[in-house]
Amino acid sequence: MRFVDAVKITRISIRLARPTLVFNTNAVLLCIQVGNTKFAQDLQTSLFSRDCYNVKSEFQLGNYKVRVDCIENQPAVDVVLGNHVYLTVGDYYLSEKTE
């Protein structure tokens, strides 16, 4: 009896992924109330540039709302977790599936 025959061969798959923000683009445009797509892109870039875990903490401290006022020549806006932005693709997928 060969060793390979005696051992059950199993396959293990490991997927490595890092959390990433997912934006509801229509909600972001409504959030800024002017329909300015350039500002919406700047807002997304601003949030993408932050560490995901720090953004998560900011949302938790702010009752799932973060005020973004660091974009030059643009008004401050409140970004709501679960409406404008999601912390993971899975959160976004589950919200879309339940609607």
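Note that the structure is a prediction, hence the values are computed from the model and not measured. (Residues numbered from 1 in each chain as written. Predicted model: local features only at pLDDT ≥ 70, side-chain atom pairs only at ≥ 80, totals over all residues. Heavy atoms only, no water.)

Enquirer: Explanation requested: helix 4 (residues 52-61) in the structure shown.
Expert: At 3.6 residues per turn, the α-helix brings residues three or four places apart onto the same side. Among all positions in helix 4, only Cys52, Val55 and Phe59 are buried. Within helix 4, the buried residues cover an arc of 60° as seen down the axis, which keeps them to one side. In helix 4, the exposed residues that point more than 90 degrees away from the buried face are Tyr53 and Leu61. Those residues of helix 4 hidden inside the fold are in contact with helix 3 (37-48), strand 2 (65-68), strand 3 (77-80) and strand 4 (85-86). Where helix 4 terminates, the next one or two residues include Asn63, which has phi positive at roughly 55°. (Buried < 20%, exposed > 50% of the residue type's maximum accessible area, 1.4 Å probe, protein only. Helix = DSSP H or I, 4+ residues; strand = E, 2+ residues; numbered from the N terminus. Arc of directions from axis to C-beta. Contact = heavy atoms within 4.5 Å.)

Enquirer: I keep staring at the packing of aromatic side chains and nothing clicks. Help me out?
Expert: The tally for this structure, following the rule as stated, stands at two aromatic pairs. When the ring of Phe23 is compared with that of Phe48, the centres are 5.1 Å apart and the planes differ by 80°; the resulting orientation is edge-to-face. Remark: Phe48 occurs in helix 3 and Phe23 occurs in strand 1 (residues 22-23); sequence separation between them is 25 residues. When the centroid spacing of 5.3 Å and the interplanar angle of 70° are considered together, the rings of Tyr86 and Tyr92 count as edge-to-face. Residue Tyr86 is classed as buried on the basis of its relative accessible area, which comes to 5%. In this structure Tyr92 comes out as partly exposed when scored by relative accessible area, which is 27%. (Phe/Tyr/Trp six-rings, centres within 6.5 Å; stacked < 30°, edge-to-face > 60°.)

Enquirer: Honestly, the nonpolar core in this entry has me stumped. Any pointers?
Expert: Looking at soluble globular proteins, one finds that nonpolar side chains tend to be buried together. By size, the foremost hydrophobic cluster in this structure holds 16 residues, and its most contacted members are Leu21, Leu43, Phe59, Val68 and Val79. Elements that contribute at least two residues to this core include exactly helix 3, helix 4, strand 2 and strand 3. The biggest single contributor to this core is helix 3, with four residues. (Core = buried A, V, L, I, M, F, W, Y, C linked by side-chain atoms within 4.5 Å.)

Enquirer: Sorry, what's going on with unusual backbone geometry here?
Expert: Of all residues except glycine, most have a negative phi; of all peptide bonds, most are trans. We note that Asn63 has phi near 55°; this positive angle belongs to a residue other than glycine. Taking relative accessible area as the criterion, Asn63 reaches 66% and is therefore assigned exposed. Despite not being glycine, Tyr64 has its phi angle at roughly 65°, a positive value. Residue position: Tyr64 is located in the loop between helix 4 and strand 2.

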